Amino acid sequence: MESTTLIDKTIVFVKTTLAQAEGGHDWFHIERVHKNALLIAATETCNVAIVQLAALLHDIADSKFHDGDETIGPKTARIFLEAENVTPETIDHVIAIIENISFKGGNVKRKFSSIELDIVQDADRLDAIGAIGIARTFNYGGFKNRALYHPEIAPNLTMTKEEYKNNEAPTINHFYEKLLLLKDKMNTETGKQIAQERHRYMEDFLEQFYAEWEGRK
């Protein structure tokens, strides 16, 4: 059942559903995560169909855009997969990945484990760092009308899940509260290798940002 036809249908469904999504969580984010997931999956022993379905559906209804409701995404994905007559075992696995993929402040342990989750989580996190990660972070900050930076507002590295969800700190703080932490939270060897270079790129960006902010050469 997890055929190319199903993947094609899933792509159409996601493109349609996310047609008006915020720029950092739109179809192109999904497409990049899908590509990252396939890249990592090629180096692991895994169920590639589940990896693809989870990558494509992981942000079908991000809780950030639904008043913090974390049930809408899994429900939407389940309804779609059931309508396509996907096996219950596959559906349950995909839903478990969707429910456990999110960063949630970095202090919440996963309630489910599989190599497919490892792969999709790494793929999603890779899109949160590097050049794309920087672009997405400032795009979302602008979407929420947040300050770029405030020297007197320090990053909070001990946020609870709820504090993280409701955080309204300047965009630069998000680098310290999430993006710079992801390199050491990657699951797969391929994910770790790719994250290294993207992490260095963000460090270089921050060094340049502070130099310009402070009027240094």
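Above this note sits the structure.
Residues numbered from 1 in each chain as written. Predicted model: local features only at pLDDT ≥ 70, side-chain atom pairs only at ≥ 80, totals over all residues. Heavy atoms only, no water.

Visitor: Before we move on, can you summarise the packing of aromatic side chains with the specific residues and values?
Guide: Overall, the coordinates contain 11 aromatic pairs when judged by the stated rule. Between Phe-138 and Phe-175 the ring centres are 6.1 Å apart and the planes differ by 50°, which places this aromatic pair in the tilted class. In this pair, Phe-138 is assigned in helix 7 (residues 130-143) and Phe-175 in helix 9 (residues 171-177), connecting sequence segments 37 residues apart. Residue class for Phe-138 comes out partly exposed when judged on its relative accessible area of 22%. (Phe/Tyr/Trp six-rings, centres within 6.5 Å; stacked < 30°, edge-to-face > 60°. Helix = DSSP H or I, 4+ residues; strand = E, 2+ residues; numbered from the N terminus. Buried < 20%, exposed > 50% of the residue type's maximum accessible area, 1.4 Å probe, protein only.)

Visitor: Explain helix 6 (residues 115-126) to me, and be specific about the residues and the numbers.
Guide: Between the first and last C-alpha of helix 6 there are 16 Å, a value that for 12 residues agrees with the 16 Å anticipated at 1.5 Å per step. For helix 6, a buried count of 11 out of 12 residues is recorded, marking the element as mostly surrounded by other parts of the structure. Turning to helix 6, its buried residues are Glu-116, Leu-117, Asp-118, Ile-119, Val-120, Gln-121, Asp-122, Ala-123, Asp-124, Arg-125 and Leu-126. Considering only its buried residues, helix 6 is in contact with helix 2 (27-41), helix 3 (48-57), helix 5 (88-100) and helix 10 (189-213). (Expected span 1.5 Å × (residues − 1). Contact = heavy atoms within 4.5 Å.)

Visitor: Please set out unusual backbone geometry residue by residue, giving values where relevant.
Guide: The residue Asn-85 is not glycine, and still its phi comes out positive at about 60°. Structurally, Asn-85 can be placed in the loop between helix 4 (72-83) and helix 5. The exposed category is assigned to Asn-85, whose relative accessible area is 56%. At Asn-145, a position not held by glycine, the phi torsion is positive, near 55°. Inspection of the secondary structure assignment puts Asn-145 in the loop between helix 7 and helix 8 (161-165).

Visitor: Go over the packing of helix 7 against helix 10 with me, naming the residues and quoting the values.
Guide: Contact geometry for helix 7 and helix 10: axes closest at 8 Å, N-to-C directions at 55°. One way to sum up the angle between helix 7 and helix 10 is to call them oblique. Contact with helix 7, carried on its side by Gly-130, Ala-131, Ile-134 and Phe-138, involves Arg-198, Tyr-201, Met-202 and Phe-205 of helix 10 and no other residues of that element. Among the residues forming the contact of helix 7 with helix 10, the class breakdown is six nonpolar, one polar and one charged. (Axes fitted to C-alpha atoms, helices over the stretch in contact; angles between N-to-C directions. Parallel < 35°, antiparallel > 145°, perpendicular 65-115°, else oblique. Nonpolar A, V, L, I, M, F, W, Y, C, P; charged D, E, K, R; others polar.)

Visitor: Can you explain the environment of Asn-187? Please cite residues and give values.
Guide: Mapped onto the secondary structure, Asn-187 falls in the loop between helix 9 and helix 10. For the pair formed by Asn-187 and Asp-118, sequence separation is 69 residues and the distance between their alpha carbons is 5.5 Å. Residues in contact with Asn-187, not counting those within four places in the same chain, are Arg-110, Asp-118, Gln-121, Asp-122 and Lys-192. At 3.2 Å, the side chain of Asn-187 forms a polar contact with the backbone oxygen of Asp-118. (Polar contact = N/O pair within 3.5 Å; in protein donor to acceptor, adjacent residues only side chain to side chain.)

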